[in-house]
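Below are the chains, spelled out letter by letter.
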Amino acid sequence: MKICVLHRPYRNTEWQTKFSGEKFPDDAIEEARHHAEAIRANGHSVEIVTWSNDMVKNIRALQSGNYDLVVNASSLEEVALLEILHIPFMGSGIDLVATDKATRKRLWREAQVLTPAFALISNLEQLSSVELPPFPLFVKPVRGRGSAGITNESIVHNHKELRRACQRILYNMQQGVLIEEHIHGVEVTVGLIGNGADVMVLPPLEIEYSGQARTNTFMHKQDNEIFHCPARLPEEAINLLCEAAKRAYNSLGARDFGRIDFIYVPKTKQPYALELNTFAGLQILTGDEQHLHQSYIGKMCEQLGWTSRDLFQRLLAACQRRLSEAMVDDDTAND
Ligand SMILES: Nc1ncnc2c1ncn2[C@@H]1O[C@H](COP(=O)(O)OP(=O)(O)O)[C@@H](O)[C@H]1O
Ligand SMILES: [Mg+2]
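Below is a short write-up of the structure. (Residues numbered from 1 in each chain as written. Chains lettered and ligands numbered in written order. Predicted model: local features only at pLDDT ≥ 70, side-chain atom pairs only at ≥ 80, totals over all residues. Heavy atoms only, no water.)

### Examining the site of ligand 1
Taken together, 22 residues sit near ligand 1, with Lys101, Lys140, Ser147, Glu180 and Glu187 positioned nearest. The separation between an oxygen atom of ligand 1 and a polar side-chain atom of Lys140 is 2.6 Å. One of the side-chain nitrogen or oxygen atoms of Glu275 is found 2.8 Å away from an oxygen atom of ligand 1. The protein chains hide 98% of the 540 Å² of surface that ligand 1 would expose on its own. Elements that contribute at least two residues to the shell around ligand 1 include exactly strand E5 (137-141), strand E7 (177-181), strand E12 (257-265) and strand E13 (270-277). The class makeup of the residues in the shell around ligand 1 is seven nonpolar, six polar and nine charged. Residue-level mapping places the shell around ligand 1 at the junction of two domains, with at least three residues from each of domain 2 (117-181) and domain 3 (186-329). (Near = heavy atom within 4 Å. Polar contact = N/O pair within 3.5 Å; in protein donor to acceptor, adjacent residues only side chain to side chain. Areas by Shrake-Rupley, 256 points an atom, 1.4 Å probe, with all protein chains shown as cover. Helix = DSSP H or I, 4+ residues; strand = E, 2+ residues; numbered from the N terminus. Nonpolar A, V, L, I, M, F, W, Y, C, P; charged D, E, K, R; others polar. Domains from an automatic or database assignment.)

Below is the structure:
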């Protein structure tokens, strides 16, 4: 195949920069090169296309390349454009990507996937009328990623702290605020590859907080986490998490790969699904990287003994299979 790897500069830090005003090193090109290398190792030809603010430029680059497949789309805009241009791409579609965390949580509730109780606000006045779960609460942007906007102050114990945390997200990030019950337990994230009944669940990764971190904040995600893979939980809990992850993934119609973040509460044996990551990081570090961090899925692959070539072989196979099945469906529909 001729495959395009999209490269969107600052894709993972742009929201945190809005929240805190700080600039962060951009690792997006290193990530794109990593993916390109892994795809090349599987015998495909690869080109990296850098995403531009000029949409005409993007259209030209994507169309003139005659790509069989695009990988590493990592934002709503990229996915939207690929769908408009009818270019096959790896990952979830616009119908899912366009939804926010609150909408996904509502869908999870319908599908009996346990998720923290929540309220959603889009301005401070709503704080006085909205029905809140009991304190302590957890406050986060409704379209957050990479823990942008998450600090120790995201855990709030009273109305004053709640108001301040909401204010920062509303004004700095210009996003709605998801106010959830704060779940105290073990943080575990679960990677998945594939589609529908064929989905494969990767070994659950436990994230232990180090130092002063009381939650997995943006700064804590910069190499401060302590990883345990598989998670240090009894087999029963691991099975529960894997089952919940599959249900959470399939009930939203996620495609090709993804990651579900959970807090597992050992006392009640309940896994609370926090969010689905449709743009989960896929890099497996070799040691030569300058800014790139290990991805959570990369940690899971290390545990399985997979190289990035192995991971991309499975990802591409899952994606190709889905695309060929979609073509059969189309043909039948035309009969
Ligand atoms: N309801 C909650 N209870 C406890 N911790 C939470 C809750 N929601 C989020 N967190 C913490 O905040 C982190 C980021 O939240 P998450 O919903 O995964 O957003 P992001 O898209 O930024 O990763 C989680 O990894 C977890 O440590
Ligand atoms: Mg997360």
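### Quick word on the coordination of the magnesium ion (ligand 2)
Here the magnesium ion (ligand 2) is held by Asp261 (OD) and Glu275 (OE), and the distances to it run 2.0 Å. Of the two residues, Asp261 is situated in strand E12 and Glu275 in strand E13; the sequence distance between them amounts to 14 residues. (Donors = N, O, S within 2.8 Å, 3.2 Å for Na, K, Ca; no water.)

### Section: the sheet that holds strand E1 (residues 2-7)
Strand pairing in a sheet is mediated by backbone hydrogen bonds. Such pairs are either parallel or antiparallel. Strand order in this open sheet of three strands is E2-E1-E3, and the pairing throughout is parallel. In the strand order of this sheet, the two ends are held by strand E2 (45-50) and strand E3 (69-71), each with one partner. When the angles between neighbouring strand axes are averaged without regard to direction, this sheet yields 30°. With six bridges joining them, E1 and E2 adopt parallel strand pairing. Looking at E2, one finds that His7 is bridged to Thr50. Along the sheet, helix H2 (residues 28-40) makes contact with E1, E2 and E3, crossing E1 at roughly 165°. (Pairing = 2+ DSSP bridges. Axes fitted to C-alpha atoms, helices over the stretch in contact; angles between N-to-C directions. Contact = heavy atoms within 4.5 Å.)

### Description of the nonpolar core
Ranked by size, the top nonpolar core spans 29 residues in total, and within it Met90 and Leu311 carry the most contacts. Secondary structure elements with two or more residues in this core: E1, H2, E3, strand E10 (205-208), helix H9 (296-304) and helix H10 (308-334). Here this core gets six residues from one element, more than from any other, and that element is H10. Residues lining this core come from more than one domain, with at least three contributed by each of domain 1 (2-97) and domain 3 (186-329). When neighbours within four sequence positions are excluded, Leu311 is seen to be in contact with Ile193, Leu282, Ile284, Ile297, Cys301 and Trp306. Counting 25 residues, the second-largest nonpolar core is a separate cluster that includes Val186, Val199, Ala237 and Tyr264. (Core = buried A, V, L, I, M, F, W, Y, C linked by side-chain atoms within 4.5 Å. Buried < 20%, exposed > 50% of the residue type's maximum accessible area, 1.4 Å probe, protein only.)

### Observations concerning the pairing of E1
In terms of burial, E1 is largely enclosed, as five of its six residues are buried. Alignment of E1 against E3, held across three bridges, turns out to be parallel. Within E3, the residue paired with Val5 across the bridge is Val71.

### Some remarks on the sheet that holds E7
Spatially, four strands are ordered E4-E7-E5-E6 in an open sheet, and the strand pairing comes out antiparallel. Single-partner strands in this sheet number two, and they are strand E4 (118-121) and strand E6 (155-156). Note: E5 against E6, two bridges, orientation antiparallel. Within E6, the position partnered with Phe138 by the bridge is Ile155. Packed onto the sheet, helix H6 (residues 101-110) meets E4, E5 and E7 and runs at close to 150° relative to E4.

These figures capture arrangement, not role.
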